[in-house]
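Spelled out, the chains give:
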Amino acid sequence: MLIRPRALLLDFHGVIGRAEAHPDREDAFVEVLARIAGPSVPADRIRADHVAGLTAYREWRNAMSRLPAPPELTQQEFWTDYVAADWPEKARAAVGASAEVLSRLWLIDNNEWTLLPGIVELVKSAVDAGLPVAVVSNTLCGAAFREIIAQSPLDGAFGAEIYSDEVGVRKPNPAILKHAADRLGADLAHAWFAGDKLDRDILCGRRAGVGATVLMSPEPIPHPWLQPHTNVADADALQKLLQAYLT
């Protein structure tokens, strides 16, 4: 049995939306980086360092899932230290000054974003039932996610949007969920939090004392000790479960 929810918190990627990368857009992005960096960095070096930076960033994110209260990497740190670490200082400074623009381009222009099936109906049914709903997500650029939501049927549906780059902490740091609860005026002990990753979303919810953690994944993910309160296959299943507890 789960608690009756008084707030609903949702991860973004894997719960609300999904990205499909477009490798054919990489050339255009490298051209943007090259214009910003200047002639001191060849295009092939920019391309290789961008790939290396993304790989290192992915490994860093995985490592942060082991910490009790991980911080978030800033946009400037990513572009200057992960991508442009060995570029001439003038090029590094130029990339750092354009970090916000580059982060948005990387997330928006290099990917095709779509809302997951059933998520619009889930959110609207929760709002119609008087349940405050918030987005809580790790990301290098929350502004990009805000833009995606603003251009979708979910525009205006959320009581709060909490992104790791804006608050300086990332899941599984429980502080990020506390930010969401404060913005909604909700008690985490009476909230549901749905995510698609055990080591970030479910662990974060457990650490924060969320009333119910929901793993939104087609199949339960085995783990020696960490488990969600419940597992659902998709947004449609989560909506049915939510309505059962609201009524």
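In what follows, the structure referred to is the one given above.
This one's a predicted model, so the numbers in the text were calculated from it and none came from an experiment.

Conventions we followed
Within each chain, residues carry numbers counting from 1 in the order of the written sequence. The predicted origin of the model limits local features to residues at a pLDDT of at least 70 and limits the giving and counting of side-chain atom pairs to 80 or more, whereas totals for whole chains, interfaces and linings rest on all residues. Heavy atoms from the whole structure form the basis of all side-chain values; hydrogens and water molecules are not counted. Numbering of helices and strands runs from the N terminus; a helix is a DSSP stretch of H or I covering at least four residues, while a strand is a stretch of E covering at least two. Taken over C-alpha atoms, the radius of gyration is set against a globule rule of 2.2 Å times the number of residues to the power 0.38. For each residue, the accessible area found with a 1.4 Å probe, counting protein chains only, is set against the maximum for its type, and the residue is called buried under 20%, exposed over 50%, and partly exposed in between. Throughout, a residue-residue contact means that at least one pair of heavy atoms, one from each residue, lies within 4.5 Å. Surface accessibility in these figures is a Shrake-Rupley result with a 1.4 Å probe; residues are shielded only by whichever protein chains are displayed. None of His or the chain ends enter the tally, which takes Lys and Arg as positive and Asp and Glu as negative. Here the site of a charge means atom NZ of a Lys, CZ of an Arg, CG of an Asp or CD of a Glu. Stacked, edge-to-face and tilted are the three classes for Phe, Tyr and Trp ring pairs, Trp counted by its six-membered ring, which pair at centre distances within 6.5 Å; planes under 30 degrees apart are stacked, over 60 edge-to-face, the rest tilted. Either the NZ atom of lysine or the CZ atom of arginine qualifies as a charge over a ring when it sits within 6 Å of the ring centre and within 35 degrees of the ring normal. Only buried residues count toward a nonpolar core. Its members are Ala, Val, Leu, Ile, Met, Phe, Trp, Tyr and Cys residues joined through side-chain atoms within 4.5 Å. What qualifies as a polar contact is a pair of N or O atoms within 3.5 Å, subject to a donor-acceptor requirement within protein and to the restriction that residues adjacent in sequence count only when both atoms come from side chains. Every case where a carboxyl oxygen of Asp or Glu lies within 4 Å of a side-chain nitrogen of Lys or Arg is listed as a salt bridge.

Novice: Honestly, the overall build of the chain in this entry has me stumped. Any pointers?
Specialist: When its secondary structure is counted, the chain shows eleven helices and eight strands. A compact globule built from 247 residues would reach a C-alpha radius of gyration of about 18 Å, and the chain, at 19 Å, matches this within 12%. Seen through its C-alpha atoms, the chain measures out along the principal axes to roughly 65 × 35 × 35 Å. Each of the 247 residues in the chain was classed as buried or not, and the buried ones make up 51%. Of all intrachain contacts in the chain linking residues separated by at least 6 positions in sequence, the fraction that spans at least 24 positions is 69%. Surface accessibility of the chain: about 11,200 Å² in total, with carbon and sulfur atoms responsible for 53%. A distance of 5 Å separates the average location of the 24 positive side-chain charges in the chain from that of its 32 negative side-chain charges.

Novice: Which parts of the structure should I look at to understand the environment of arginine 47?
Specialist: Relative to the elements of secondary structure, arginine 47 occurs in helix α2 (residues 43-64). Under the relative-accessibility criterion, arginine 47 is labelled partly exposed at 33%. Along the chain, arginine 47 and aspartate 27 lie 20 residues apart, while their C-alpha atoms are 8.4 Å from each other. When near neighbours in sequence (up to four residues on either side) are disregarded, arginine 47 contacts Glu26, Asp27 and Val30.

Novice: Looking at this model, I keep getting lost on the packing of aromatic side chains. Mind explaining?
Specialist: What describes a pair of aromatic rings is the distance from one ring centre to the other and the angle between the planes of the rings. Throughout the structure, instances matching the rule amount to 13 aromatic pairs. Linked through ring pairs, Phe29, Tyr57, Trp60, Phe78, Trp79, Tyr82 and Trp106 together constitute an aromatic cluster. For arginine 61, the ring lying beneath its charged end belongs to tyrosine 57, and the centroid distance is 4.7 Å.

Novice: What's the story with the nonpolar core in this structure? I'm lost.
Specialist: Ranked by internal contacts, the top residues of the largest apolar core, which has 61 residues, are Leu10 and Trp79. Here the element with the most residues in this core is helix α5 (residues 99-108); it accounts for six residues. Setting aside residues up to four positions removed in sequence, tryptophan 79 forms contacts with Phe29, Leu33, His50, Ala84, Val95, Ala99, Leu102, Ser103, Trp106 and Leu140.

Novice: What is the right way to read the environment of glutamate 77 from this model?
Specialist: Within the element layout of this structure, glutamate 77 appears in helix α3 (residues 75-83). The sequence separation of glutamate 77 and alanine 7 amounts to 70 residues, and the corresponding C-alpha distance is 34 Å. Among the polar contacts listed, one links the side chain of glutamate 77 to the backbone nitrogen of threonine 74, at a separation of 2.9 Å.

Novice: Whenever I open this one, the pattern of salt bridges confuses me. Can you help?
Specialist: Once their charged atoms are close, side chains differing in charge can pair, the charge on each being opposite to the other. On inspection of all chains with the given rule, the structure shows twelve salt bridges. The closest approach of N and O atoms between aspartate 11 and lysine 171, which form a salt bridge, is 2.8 Å. You can see aspartate 11 sitting in the loop between β1 (7-10) and β2 (17-21) and its partner lysine 171 sitting in the loop between α8 (164-167) and α9 (175-184), a full 160 residues away along the chain. For the pair aspartate 11 and lysine 171, a shared accessibility class is recorded, and that class is buried. Put simply, arginine 45 and aspartate 49 hold a salt bridge, and the shortest N to O gap is 2.6 Å. One end of the pair is arginine 45 and the other is aspartate 49, both in helix α2 and four residues apart, which spans about a single turn.

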